[in-house]
Every structure is written in structure tokens, then in C-alpha cells.
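# Fold and geometry: a report
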Amino acid sequence: MPTMETTANSNPTQAAEEIKVLANDAFKAHKYSQAIDLYSKAIELSSENAVYWANRAFAHTKLEEYGSAIQDATKAVEIDPRYSKAYYRRGAAYLAMGKLKDALKDFQQVKKICPNDPDATKKLRECEKAVMKLKFEEAIALPVTERRSIADSIDYHTIGTHPESSLFSPQVAAVAVVLLAVLVIMMGTQAATVVATAAIASYLLFRRTWWGGYMGNIFTKSRALNLDVESQYTGARIEGDEVSLEFVKNMMEDFKARKCLHKRYAFQIVLQTRDMLRALPSLVDIHVPNGKHFTVCGDVHGQFYDLMNIFELNGLPSDENPYLFNGDFVDRGSFSLEVILTLFAFKCMSPSAIHLARGNHESKSMNKIYGFEGEVKSKLNDTFVELFAEVFCCLPLAHVLNDKVFVVHGGLFSVDGVKLSDIKKIDRFCEPPEEGLMCELLWSDPQPQPGRGPSKRGVGLSFGGDVTKRFLQENNLDLVVRSHEVKDEGYEVDHDGKLITVFSAPNYCDQMGNKGAYIRFEAPDMKPKIVTFAAVPHPDVKPMAYANNFLRMFS
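The rules we used
- Residues numbered from 1 in each chain as written.
- Predicted model: local features only at pLDDT ≥ 70, side-chain atom pairs only at ≥ 80, totals over all residues.
- Heavy atoms only, no water.
- UniProt positions renumbered as here; feature names shortened; annotations may be inferred.
- Helix = DSSP H or I, 4+ residues; strand = E, 2+ residues; numbered from the N terminus.
- Buried < 20%, exposed > 50% of the residue type's maximum accessible area, 1.4 Å probe, protein only.
- Contact = heavy atoms within 4.5 Å.
- Areas by Shrake-Rupley, 256 points an atom, 1.4 Å probe, with all protein chains shown as cover.
- 1 Å grid on protein atoms, 1.4 Å probe; cavity = no way out; pocket = protein on both sides within 12 Å on 5 of 7 lines; lining within 4 Å.
- Points joined across faces, edges and corners; volume = space filled by probe spheres on them.
- Nonpolar A, V, L, I, M, F, W, Y, C, P; charged D, E, K, R; others polar.
- Domains from an automatic or database assignment.
- Core = buried A, V, L, I, M, F, W, Y, C linked by side-chain atoms within 4.5 Å.
- Phe/Tyr/Trp six-rings, centres within 6.5 Å; stacked < 30°, edge-to-face > 60°.
- Lys NZ or Arg CZ within 6 Å of the ring centre and 35° of its normal.

Going by what an unreviewed UniProt entry lists, the protein chain is known as Serine/threonine-protein phosphatase 5 and is assigned to Daucus carota subsp. sativus. Turning to the protein chain, the UniProt annotation filed under Cofactor (unreviewed entry) states: "Mn(2+)".

Below is the structure:
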């Protein structure tokens, strides 16, 4: 096997090939950062080899650095316009970013270059279906001004008590007809497609006259959902309006045993949490009394059994043992519903015991692609998909601990001079925009070099230590804590100790081999104490089990 030493006396082309072999080995061992470094060395020696660029693009994709993946794959296309893997890698990166129409163009090119490749044909067909579904959803979407809140129309106190709660309305039947028509278009003959298209056109003509009424009536407090708690239900129960510690413990034990929580109680937990979150500012100040401690956790990403391990190691959330979970509670891991209901239940039990920040995965677009939407539909129903989307828009964007520690999911900003008061003024009650302060708080990453640079993710930006230093000085802070990136040790200290990344999902996606970590602060000095931990076993349900079918083809 070649080593870096054996390439020293080789000619550049031969040396590049030998380094590529080492990079491939690192990739197979899931050492993607090392693979990227090695592919970069090969590119330095032979920059006109499209394979090196495409391979590095693939490694970037594994690290969720989709912006860098697109750049590398585009370079490979420029070098060799007939290299199908370059289009394939770029299409996969576009897909992961939710840019289905851009992905479709690349998969069409793959099919053009490899017309007899059955795999290329299959992926193109799936991409075409996904784009068609997206266009349909865009066509039937109501303008923002006409949309009604799902949460405002549900009263969990009356769920299952109304005699007409199980009524199957003609509006529901209409939705079923339209969905069937879409299925026919995807799978049927030309004649069937014409009929189905006519059905959809008719639906669209009348949609505005009854859709608002349908959405308003089916979930209004005068027509409750048919969700009585059956006598045979043996799971955790909430007595009255208050979520107790006993209930939360029972619920967690049920989750460990793969039992579901009754929808009646799930509604109560999510709705009560929404009311609490809506009352908070976009930036929350937290006071930790002298002699007391506070724990910050990073991404959990649906790894429920690792969340239980954190509580085993560090204690359950309580007023005396408070936590901040710094976004990305859901997606990728296949126990995301169990994670979010557990965190929300603790919030209901004691609002000061647990604080929650929004991550980039607390959004409709991410949940649709990376599994949370599919998981909620499978374990609860479609109504909860919309309800969670509303509640995620209520999550605060950042926290400050004792006027010293700034905690945010992603990172800092494309401009200097941003004050904490500017963050508090952000209107966060929306899906994350693609630019601006809110986007950057959720998406940005630190970089080792000073200044600012393009985002390796394709959203947000990269910022250097000088940017971090100025932000801290201008706001009289000591430290930035952020999450958003998997780290081998579960954490990483950057920018001369002024920035810490913490990531709490060990062996991320069952393949990265990383540790998890959390940070404990103790007042009054608020110096970080980092605790790392390994992954624990979980039931044999693979990550992304509920993810978009098309995306799973590339995982």
C-alpha cells in the first residue's frame, strides 16, 4: 500500500494516483475529513483530473458540506463534460439541499451520457416524480395571508369529546381524490394522466372557496378530533393540565420499549410547549445563580437512546439541573419524535429546567427531506406535521448565559456591528430565510483563517477568529458556544479559545464513529467544563428510515 513517503520521489501524476488510493481508503473508513485533505493533495499535483474533484465532492457530501461538493463537482464537469459521476455527485448535493429542480438537470445529463444504465434511469425517474410532487404542492399552497394556524384551532381539552368528531367530510374525500390523481400521473398511462390532470384542474378552480373552511372546520374547537383515550391504552397518562415528572419518566420508559404515546397527550405536550415558546424573545437571557451549574448540549438528531444516556450521565432536567439543547433535535436519527416529545415534556413540566434553541433542521424543508416529516406521519398523523412546523417557528434563535456566554446553533454574521439587541428584534415566526441574520444564526460555520468566506454548506457563511473576537468585544461577552457540526471528539475549541463547537450525537448516523459531548458551566466564573461520551446501543432501526425515498437512494 502506498504511503505519503513513497510518493516523494514519484512523478506528479503517479504521486497523485498514489495519494488518491490513500484518500479512497480514508473514505472507506469513514474518515471523510482526512479523505478531503488527501484528495486536495492529489489535486495540487494533478489539477486537471476530474476524478479527484468528483471524489472530493463525494467526501464533502458525507460531511454535509454541500456547497463545497457542488463547487468540486462543477469543476469536474468543466474538466470533463462527459464524466457522468461529476453530474451525479452534483445532483446528489443539490438534492440534499432540497434543490430538486437543479438536481433533475444533472440526473438528466447522467441519463444522456449513460442511456443504458438502469441505475441512472431509476434515479432520474424518482427525481422526476419528486419534482412533480413539489410543483403540485406549490400549486395548491395557500398564500401566507390565507393560512390558518393549526395550533389555534385545536383544543386538547375537548379532543375526542364531540359526537361528530369522527365525521368523514366531503372535503376530506376531495383531498383523497386529488392525492389519488397525483398518484395516477406518476404511474399511469397517458389517458389516465389526462383524466387525473382534469381532476386536479377542477380541484384548483374550487380550492379557494372551500379550503379555508375545510382547514378551519376540521380542527376547530367546535369539532374536536376523535382521540378518546381508549380503556385498553396502557401507556403514560397526563392527569389534568400539568405534566408531572412521573409522567415524563413513564413516557421515556415507554419510548425505550418502543411504545407510542397517545395522540391526546402528544397534542397537549406540543400545544403547551408552543404557548411557552411564543412568549419568549428571539434571544433569551438566562441567569445562573452563583454556585449553580448549567449544561449545554448540541445536536441530538433523533438519537433518543443517546439522549437517555446524557440524562444518565448528567441527571434529568430540573430547576436545580437546567439544560439548554442547542437545536437540531430531529432528522436523520429515526427516533426524532421520541426526542422532541421528551424535550417538550420536560419544558412543560418545568420551563426553567430546559431551554430550547432552533437549529437549521427545525424547518419544513429539512424535515421533508431528512426524515422527521415521514416519521411523524408514520407514528402520529399529518396534522402533527403541520403542528410541529408551527411550533418550530416559535423556538428562540439564541441564548446568553450570565451576560458572558453567547449560545447559538450555527454561528455569526456576514457584517460586523450586530448587537444582541438586533437579534432580539428578529421576527423569527417563519420558516428560515436563505439570507440575513436569522439564516446566518442557524447555518454559519467557523473557519480557521481570518475574515469571512463562502459557506461550505451553500447556505450562510464561514467566519474567522477576528469576526468572533469583534462580536464578543462589541457585546461585552467572553465566549461563543455553537453546534451544527459533527466533531470527532464531540467538541472542538477554535478562535483562540473564544469559540467552542459542541455536538451531542455520538456515532452520528451510525457511521461517523465520533464521540458526543456536552458542556457544564458553573457560576459565577462560567468556565466551560466539557464532558464526552460514547454512543450506546439502540434498536435495529437505521438512520434515515423515514427519510425521503429519493434521498435514501443516495445515502
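Bringing the overall build of the protein chain into the picture now. A tally of regular secondary structure across the protein chain gives 20 helices and 14 strands. The buried share among the 555 residues of the protein chain stands at 53%. A sequence separation of at least 24 residues applies to 70% of the contacts in the protein chain between residues at least 6 apart. For the protein chain, the accessible area works out to roughly 24500 Å², and carbon and sulfur atoms hold 52% of it.

Quick look at the layout of surface pockets now. Where empty space is left can be seen by rolling a probe of water-molecule size over the atoms. In this structure, the second largest pocket spans a volume of roughly 1100 Å³. Sorting the residues of the lining of the second largest pocket by element identifies α2 (32-45), α3 (50-62), α4 (66-79), β8 (452-454) and β11 (491-494) as the ones contributing at least two each. Residue contributions to the lining of the second largest pocket peak at five residues, all from α2. Its residues placed into classes, the lining of the second largest pocket shows twelve nonpolar, 19 polar and 18 charged. Looking at the lining of the second largest pocket, you find at least three residues from each of domain 1 (12-140) and domain 3 (245-553).

On to the nonpolar core, then. Counting 82 residues, the largest nonpolar core has F406, L420, I423, L441 and F471 as the members making the most contacts within it. Built from parts of two domains, this core gets at least three residues from each of domain 1 (12-140) and domain 3 (245-553). Formed by 59 residues, the second largest nonpolar core is a distinct cluster that contains Y156, M251, V339 and L395.

Using the criterion set out here, one finds 22 aromatic pairs in the structure. Taking 5.3 Å as the distance between ring centres and 85 degrees as the angle between the ring planes, the aromatic pair formed by F304 and Y305 counts as edge-to-face. Exposure class is identical for F304 and Y305. Each is buried. An angle of 75 degrees between the planes, with centres 5.6 Å apart, marks the rings of F311 and F346 as edge-to-face. Highlighted residues: F311 in helix α12 (residues 304-314) and F346 in helix α13 (residues 336-349), separated in sequence by 35 residues. Both residues of the pair, F311 and F346, count as buried. Chaining the aromatic ring pairs together yields one cluster made of F267, F344, F372, F384, F388 and F392. Over the ring of W53 we find K75; its NZ or CZ atom is 6.0 Å from the centre of that ring. R89 extends its terminal NZ or CZ atom over the ring of F58, reaching a point 4.0 Å from the ring centre.

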